[in-house]
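Coordinate analysis (summary)
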Amino acid sequence: MKPLYRIFALIFPERCPYCSDLIEPEKIACDKCLNEIKRKHTPLFSGVGGYRCVSSFAYGGKVRRMIIRLKFHDRTQYIPQISEILASDITAAYRISDIDFLTYVPMHKTDQAERGYNQSQLLSEELSKKLSIPCIETLKKVKRTKKQHKLKYFERKNNLAGAFSVIDKDTVKGKNILMIDDVVTSGQTLSKCCKILNTAKPRSIICATVASAKGDYPENSYI
Ligand SMILES: [Zn+2]
């Protein structure tokens, strides 16, 4: 945690977003609520550009705030707890013995230097440990793009044109790959990454994200 956040945390201690009890800053919820989340949450399934995707949560409310903190406010300490939930959903949704390796949606090096980390990479590396499947960097973001959520639908596709490239096609060819991202909103970024990766002729690509704003799925009790 950055020093500024540490001071902030002293003045405004972290509270569980579900019951308001005080919690340690690396936690996304108190132990009681976290166990409830693990027990009651319903994984969501969607198709992202024709690729199957499993997500642990609907993107809204407290989950959205948690993702924003993870992404923009340096809360990488959430990664172990979130990954634990996502790892169990991946295990339930897919036959993990078939997956050759995990990979993730890349950031442009300038953006990553500014943020200090790529949360999708960190998620992927943590999931790799939990699932005992290697994590390999396969894609590179070669063009800086505008923030997708700030663009109109038809502008989003053009924004991503030429943004990603495959690092080493031989690594990808014939492999079963699980692509990781933090959140799928319109699905344009994730599906673009899958499509670019597909040019290197993998055997299959499936996806997993912490949260999803897509598709028809059962009401999630924890948003
Ligand atoms: Zn709680």
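What counts, and at which threshold
- Residues numbered from 1 in each chain as written.
- Predicted model: local features only at pLDDT ≥ 70, side-chain atom pairs only at ≥ 80, totals over all residues.
- Heavy atoms only, no water.
- Pairing = 2+ DSSP bridges.
- Helix = DSSP H or I, 4+ residues; strand = E, 2+ residues; numbered from the N terminus.
- Axes fitted to C-alpha atoms, helices over the stretch in contact; angles between N-to-C directions.
- pLDDT = per-residue confidence, 0-100.
- Contact = heavy atoms within 4.5 Å.
- Buried < 20%, exposed > 50% of the residue type's maximum accessible area, 1.4 Å probe, protein only.
- Arc of directions from axis to C-beta.
- Donors = N, O, S within 2.8 Å, 3.2 Å for Na, K, Ca; no water.
- Tetrahedral: all angles 85-135°; square planar, octahedral: opposite > 155°, others 65-115°.
- Expected span 1.5 Å × (residues − 1).
- Polar contact = N/O pair within 3.5 Å; in protein donor to acceptor, adjacent residues only side chain to side chain.
- 1 Å grid on protein atoms, 1.4 Å probe; cavity = no way out; pocket = protein on both sides within 12 Å on 5 of 7 lines; lining within 4 Å.
- Points joined across faces, edges and corners; volume = space filled by probe spheres on them.
- Nonpolar A, V, L, I, M, F, W, Y, C, P; charged D, E, K, R; others polar.

Reading across from one edge, β1-β2-β7-β6-β3 is the order of the five strands in this open sheet, with mixed pairing throughout. With partners counted over all chains shown, the strands left at the sheet margins are β1 (44–48) and β3 (101–104), one partner each. Strand-to-strand twist of the sheet, defined as the mean angle between neighbouring strand axes without regard to direction, takes the value 30°. The pairing of strand β2 (residues 51–58) with strand β7 (residues 204–212) spans five bridges and is classified as parallel. Of the residues in β7, the one forming a bridge with Val 54 is Ala 208.

Once that is clear, we can look at the confidence of the model for the protein chain. For the protein chain, mean pLDDT is 87; residues scoring 70 or higher make up 91% of the total. Predicted confidence in the protein chain is weakest over helix α1 (residues 3–11), with a mean pLDDT of 66, and strongest over β3, with 98. Counting interchain partners and residues more than four positions distant, the pLDDT-below-50 stretch residues 216–223 has 20 contacts.

Turning to the environment of His 149, a few remarks are in order. For His 149, the position within the fold is in the loop between β4 (139–141) and α7 (153–160). Note: C-alpha distance between His 149 and Asp 74 (75 residues apart in sequence) is 20 Å.

Turning next to the pairing of β2. Each regular strand carries side chains that alternate between the two faces of the sheet. Most of β2 sits out of view: seven of its eight residues are buried. Of the strand pairs in this sheet, β1 and β2 are connected by five bridges, and their pairing is antiparallel. Looking at β2, one finds that Phe 45 is bridged to Val 54. Hairpin remark: β1 followed by β2, antiparallel, with two residues in the connecting loop; positive phi at Gly 49, about 60°.

Listed in full, the buried residues belonging to α7 are Arg 156, Asn 159 and Leu 160. Relative to the axis of α7, the buried residues are bounded by an arc of 85° and lie together on one face. Those residues of α7 that are exposed and aimed more than 90 degrees away from the buried face are Phe 154, Lys 157 and Asn 158. Each element contacted by the buried residues of α7 is listed here: β5 (164–166) and α9 (188–198). Looking one or two residues beyond α7, the residue adopting positive phi is Gly 162, at roughly 70°.

Here the focus is the coordination of the zinc ion. Taken together, Cys 16 (SG), Cys 19 (SG), Cys 30 (SG) and Cys 33 (SG) make up the full set of protein donors to the zinc ion, lying 2.3 Å away. Classification of the site at the zinc ion rests on its four donor atoms, whose angles at the metal span 99 to 118°, yielding the label tetrahedral. Between the donor residues of the zinc ion, the gaps in sequence give the motif C-x2-C-x10-C-x2-C. Taken together, the residues Cys 19 in the loop between α1 and α2 (31–40) and Cys 33 in helix α2 connect sequence positions 14 residues apart. With a relative accessible area of 34%, Cys 19 lands in the partly exposed category.

Okay, helix α6 (residues 119–131) next. With 13 residues, α6 should cover 18 Å at 1.5 Å per step; its first-to-last C-alpha distance of 18 Å lies within 8% of that length. Burial in α6 covers these residues: Gln 119, Ser 120, Gln 121, Leu 123, Ser 124, Glu 126, Leu 127, Ser 128 and Leu 131. For α6, the secondary structure elements touched by its buried residues are α3 (61–72), α4 (79–93), β3, α5 (109–115), β6 (176–184) and β7. At the N-terminal end of α6, a side-chain oxygen is found 2.9 Å from the backbone nitrogen of Ser 120, two or three residues along, and the residue is Asn 118.

Glancing now at the layout of surface pockets. Of the voids in this model, the largest pocket is the one considered here, and its volume is about 830 Å³. Forming the walls of the largest pocket are 34 residues, and the residues nearest its centre are Lys 71, Lys 147, Gln 148, His 149 and Thr 189. Every element with two or more residues in the lining of the largest pocket is listed here: α3, α5, α6, α7, β6 and α9. Split into classes, the residues belonging to the lining of the largest pocket amount to 11 nonpolar, 12 polar and 11 charged.

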